Each structure stands twice: as structure tokens, then as C-alpha cells.
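Spelled out from the first residue to the last, the chains are:
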Amino acid sequence: MLITVIDDEVLALKATVNAVKEALPEAEVRQFTKCSELLSFAAENRIDVAFLDINMRGYTGIEVAGKLEEINPEINIIFVTGYSEHKSEAMDMHVFVSEAVRRAYPFELRAGQRGMVCYNGIAPEFRPLPEVRARREPEVFTVGCVANFDPLKDQMTLLKAMEKLEAEGGRWKTVFVGSGPELARCRRYAEQRGINAEFRKEMPHAEMPQLYNEIELMALPSLSEGFCCAYVEAWACGTPVVG
């Protein structure tokens, strides 16, 4: 079985790929961050199942699904998203990550369509780690932010908030994990303003429990969220969340 996964948010891509490999260890799994590369691959390879992110730069998952079905009408499409702003006519089953998202869904389901709530799950590794917490700097309050550097995630607002807190006194540190189009602008702003911020690249999902235990607060000032996995994982590690 050949399975493809596409998501322009690298952390989400890795999480989906890991979940697919765990569920179907015998399957061949290919991952993509660019729609053009996936479509080129599909033109030369018969894909059995395609996991598509709904919200991507350049294309929507709905548009990619249509192109994949033109190439292979028998392909199985699975949409992966935490957002409700997708086109209802493309789906037979609407899966929501919370009751709140389901209630906020802006479309009426067509005849024959079904809807269900499937809450985000958490691996047992996401738990409080006393040995990691013991290594925290007692005089420094560390805030973490795990997200793709996309305008929707709005890390700049968090940077400006931390700038104000540092100006008022106390010792503060902000740890950002992720990549994306807004990274350079945020990094430049932090350097120019002298904000105590650390920017880390994406890390293996297995290392995330340690990060959530290193920080004292998880902050994500997104303009819109469904039921963010980073929130739930931080909570499971005993770390407060604000967003």
C-alpha cells in the first residue's frame, strides 16, 4: 500500500506520518510539503491513500484532492485539519476535533453526509517529568510557543507581549519551535529589540515532552484554532496554556 501525506506545517506533517506508520507499519509512506511535488509524484505512482491538509499555501486540500482524483479516480482521500473553514461539498464524513468546532461549523451538511467528533489523542509519553522540571532556572520564567511561523499563528503578538513584560522587570525567556514564512521577521524583531528569545527548529515528536516540561507556560496567540494538539500535549505535561 502506498500512502502519501502532505502538510505545509512540518510539525503537523511529522505527527501525521508517525501516526500512519504506527497504524500501518507495512505501508510505504511518502511525505510532502509542496502540492506540486505531490502531484508530480502522483502522476508517476499509483497512490492508494492520500492524507491532505485542508489549509495550505498556494492550494487548498480540496483543490489537491480534485487533481489527485483526476489522476487516479480510485484514490482514497483523507482530509486532516483542525479548522472548520473548509468546503462542505467535498466530504461525505465531517470529523470535528471538538463539540465547539462542530457547533461553529459554518455549513449545513448535505443529504447523505455525516458528522462526528473525534478528539485529539495524546501519547502516554506526554506527562510531567520531575527530573526535567528540576533543571529549570528558578529566576527565569520561560514561555514556550510551538507552531509553524505562519501569519495565522501570530507569533509577533507574543513577541511584543514579552517585550513589554521584560521592560517592566523580571527575567523572562521565550522559546519558539517551528519554521515558516514569518520566522525571519520574528527573529529579526527579537534581535533588534533585544528580546530574550530562542528560536529552535522542528524537533522529533518524541522530544516534545521534554520541551513542554522545560517551559512554565505554553502560549499560542493564533488568530484561529480548532483544538490544537500542542495545547493538549502541554496540558498533559502539567504545563499551563494560554491562547
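What this report covers is the structure whose coordinates are included nearby. In this text, all values refer to a predicted model and were calculated from it rather than measured experimentally.

A few points about the layout of surface pockets
Any space left empty among the atoms is revealed by the rolling of a water-sized probe across them.
Piece 1. In this model, the second largest pocket occupies a volume close to 210 Å³.
Piece 2. Surrounding the second largest pocket, 13 residues form its lining, Arg135, Arg136, Glu137, Thr142 and Glu214 being those nearest its centre.
Piece 3. Secondary structure elements with two or more residues in the lining of the second largest pocket: strand 8 (172–177) and helix 8 (208–214).
Piece 4. The residue inventory of the lining of the second largest pocket, partitioned by class, reads four nonpolar, two polar and seven charged.

Structural notes on the pairing of strand 8
Piece 1. With six bridges connecting them, strand 7 (residues 141–146) and strand 8 associate as parallel partners. Of the residues in strand 8, the one forming a bridge with Val143 is Thr174.
Piece 2. Note that the unit made of strand 7, helix 6 (residues 155–168) and strand 8 has a crossover that is right-handed.
Piece 3. Sheet topology note: the strand 8/strand 9 (residues 197–200) ladder contains four bridges and is parallel.

Focus: the sheet that holds strand 1 (residues 2–6)
Piece 1. Read from one edge to the other, the open sheet built from four strands follows the order 2-1-3-4, with strand pairing classed as parallel. Looking at the sheet topology across the chains shown, the edges are occupied by strand 2 (28–32) and strand 4 (76–80). The average angle at which neighbouring strand axes cross in this sheet is 20 degrees, direction not considered.
Piece 2. Pairing between strand 1 and strand 3 (residues 49–53): four bridges, direction parallel. Bridged to Ile3 within strand 3 is Val49.
Piece 3. Contacts from helix 2 (residues 35–44) reach strand 1, strand 2 and strand 3, with the element oriented near 165 degrees to strand 1.

Quick word on the side chain of Asp53
Piece 1. With respect to the element layout, Asp53 can be found in strand 3.
Piece 2. For Asp53, a relative accessible area of 7% translates into the label buried.
Piece 3. Ignoring sequence-local partners within four residues, the contact set of Asp53 consists of Ile6, Asp7, Asp8, Gly61 and Val80.

Examining the packing of aromatic side chains
Piece 1. The full count for this structure, using the stated rule, is seven aromatic pairs.
Piece 2. Arranged with centres 5.4 Å apart and planes meeting at 50 degrees, the rings of Phe32 and Phe41 form a pair that is tilted.
Piece 3. For Phe32, a relative accessible area of 11% corresponds to the buried category.
Piece 4. The interplanar angle of 35 degrees and the centroid separation of 6.2 Å between the aromatic rings of Tyr231 and Trp235 together place this pair among those described as tilted. In this pair, Tyr231 and Trp235 both sit in helix 9 (residues 229–236), four residues apart, roughly one turn of the helix.
Piece 5. Since its relative accessible area comes to 48%, Trp235 is described here as partly exposed.
Piece 6. Through successive ring pairs, a cluster of aromatic residues spans Phe149, Phe176 and Phe199.

Each value, and the rule that gives it
Residues numbered from 1 in each chain as written. Predicted model: local features only at pLDDT ≥ 70, side-chain atom pairs only at ≥ 80, totals over all residues. Heavy atoms only, no water. 1 Å grid on protein atoms, 1.4 Å probe; cavity = no way out; pocket = protein on both sides within 12 Å on 5 of 7 lines; lining within 4 Å. Points joined across faces, edges and corners; volume = space filled by probe spheres on them. Helix = DSSP H or I, 4+ residues; strand = E, 2+ residues; numbered from the N terminus. Nonpolar A, V, L, I, M, F, W, Y, C, P; charged D, E, K, R; others polar. Pairing = 2+ DSSP bridges. Right-handed = clockwise from strand over helix to strand, strands pointing away. Axes fitted to C-alpha atoms, helices over the stretch in contact; angles between N-to-C directions. Contact = heavy atoms within 4.5 Å. Buried < 20%, exposed > 50% of the residue type's maximum accessible area, 1.4 Å probe, protein only. Phe/Tyr/Trp six-rings, centres within 6.5 Å; stacked < 30°, edge-to-face > 60°.

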